[in-house]
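Report on the structure
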Amino acid sequence: MSVSIKRFFSALLFSLFSYSAYSQTQPTNFATKFEYDLKLSVDANKRAAYLKKNNEQPSAYEKVFTVLTGAVQVANIVDDVKFTQSSYQITSIGNLIAGLSTALGGQRLVRESIGTINANGLLSSVYQEKRGNTDLLISRYEPPKKSITFFKSSFRNPINSTTLEGQLIDLVNVGYQFIGRPLPTKPITYQVSDARSVKRYTLIPAEVWEFPIDGKKIKATRFYKTTSKDDTNTFEIWFSEGKNFPIRSVIGLSEQYGATIQVDLKKLPNL
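The structure reproduced in this document is the subject of the present report. Just so it is clear, the structure is predicted and the values come from calculations on it, not from any experiment.

The subject of this paragraph is the side chain of Asn244. Tracing the backbone shows Asn244 in the loop between β13 (234–240) and β14 (246–252). Of note is the side chain of Asn244, whose polar atom sits 2.9 Å from the backbone oxygen of Phe178.

What follows is about unusual backbone geometry. Although it is not a glycine, Ser153 adopts a positive phi angle of roughly 75°. Position of Ser153 relative to the elements: it lies in the loop between β7 (147–152) and β8 (158–163). Positive phi outside glycine occurs at Asn244, with the angle close to 60°. You can call Asn244 buried: its relative accessible area is 2%.

To continue, consider the pairing of strand β12 (residues 216–225). As judged from the nine bridges shared by strand β11 (residues 198–213) and β12, these two strands associate in the antiparallel manner. Pairing of Pro205 across the sheet is with Phe223, part of β12. Between the end of β11 and the start of β12, which pair antiparallel, lie two residues, with Asp214 showing a positive phi angle near 55°. With five bridges connecting them, β12 and β13 associate as antiparallel partners. Within β13, the residue paired with Ala220 across the bridge is Ser240.

Relative to the assigned elements, Lys186 resides in the loop between β9 (168–170) and β10 (188–193). For Lys186, a relative accessible area of 63% translates into the label exposed. On a C-alpha basis, the gap between Lys186 and Pro205 in space is 6.4 Å, while along the polypeptide they are 19 residues apart. What Lys186 contacts, discounting residues up to four positions off in sequence, is Leu203 and Pro205.

This part takes up the pattern of salt bridges. The full count for this structure, using the stated rule, is 13 salt bridges. When the shortest N-O distance is used, the salt bridge between Asp37 and Lys266 registers 3.9 Å. A residue pair is termed long-range when its members are at least 10 positions apart, and Asp37 in strand β1 (residues 30–42) and Lys266 in the segment after β15 (259–265) qualify at 229 residues. Given a relative accessible area of 18%, Asp37 falls into the buried group. A network of salt bridges, in which partner residues are shared, links Glu129, Arg131 and Arg196.

Counted under the stated rule, the structure contains eleven aromatic pairs. Consider the rings of Phe178 and Phe223, whose centres lie 6.5 Å apart with planes at 20°: the pair is stacked. Pair noted here: Phe178 is in the loop between β9 and β10 and Phe223 is in strand β12, with a separation of 45 residues, a long-range link. Taken as a pair, Phe178 and Phe223 share a single burial class, namely buried. With a centroid separation of 6.1 Å and an interplanar angle of 20°, the aromatic rings of Trp209 and Phe211 are classed as stacked. Accessibility expressed as a relative area gives 7% for Phe211, which makes it buried. Here the aromatic residues Phe30, Phe83 and Tyr88 are joined through ring pairs into a cluster of three or more. We note Lys225 situated over the ring of Tyr201; from NZ or CZ to the ring centre the distance is 4.8 Å. The ring of Trp238 is capped by Arg248, whose NZ or CZ atom sits 5.9 Å from the centre of that ring.

This part takes up the nonpolar core. Counting 48 residues, the largest nonpolar core has Phe34, Tyr176 and Ile247 as the members making the most contacts within it. Within the second largest apolar cluster, six residues are counted, among which are Tyr141, Ile148, Phe150 and Leu168.

What counts and what doesn't
- Residues numbered from 1 in each chain as written.
- Predicted model: local features only at pLDDT ≥ 70, side-chain atom pairs only at ≥ 80, totals over all residues.
- Heavy atoms only, no water.
- Helix = DSSP H or I, 4+ residues; strand = E, 2+ residues; numbered from the N terminus.
- Polar contact = N/O pair within 3.5 Å; in protein donor to acceptor, adjacent residues only side chain to side chain.
- Buried < 20%, exposed > 50% of the residue type's maximum accessible area, 1.4 Å probe, protein only.
- Pairing = 2+ DSSP bridges.
- Contact = heavy atoms within 4.5 Å.
- Salt bridge = Lys/Arg side-chain N within 4 Å of Asp/Glu carboxyl O.
- Phe/Tyr/Trp six-rings, centres within 6.5 Å; stacked < 30°, edge-to-face > 60°.
- Lys NZ or Arg CZ within 6 Å of the ring centre and 35° of its normal.
- Core = buried A, V, L, I, M, F, W, Y, C linked by side-chain atoms within 4.5 Å.

Given below as structure tokens:
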């Protein structure tokens, strides 16, 4: 498989930005794992239109996806989540299923979010991610200095920095913002780090769905991100009633990839 094809599928598979009534007290000093299945749906027509517009040709490997229908499981994700009274650490590892892992040389997605906990939720201090064979990317936010710095490979190699003030979250801790805290009933706007830049996301509360997990019917509220001309990627996330666990998240990628990524919680964690 050529390097360019590997890069395409690495980007496609890893373009990620997690029961009844419980107490709404913020949990402290716990450690647990959240396990997810990641499914991929590809809109071959959308991808083909993008290639045609840019005078590009699809690879033979890409053509395999034209025969796929529905969502196909392509990876497993395990989030190792640790909370104390004032800090948290989340390590997220995504592994491709056997066939794709072999085809793509065992590439995986490794992300980590470290920060503090306050009355408004989880504040991201350090966020880092490594997608397959790409460089390690890191963002470090220092509220006292009102600055965020981006690094490549290590903290010894800063790329750029910018001023930033307020609450910063990232692509990992967004799913765990409301554990033990009431869900917002109105749209809420975040500054979000993806280890490359900071974007503003507005999440809007919507309807309640019901999910079968561990033989139980779990109600969860859907939140969706607003889109714009400059940001056409969609994002939806469902939080369970009570403890507000991330039950499902769905990312709709741009026409460049013509794909939708769906991440579903496999079982209820012990918490």
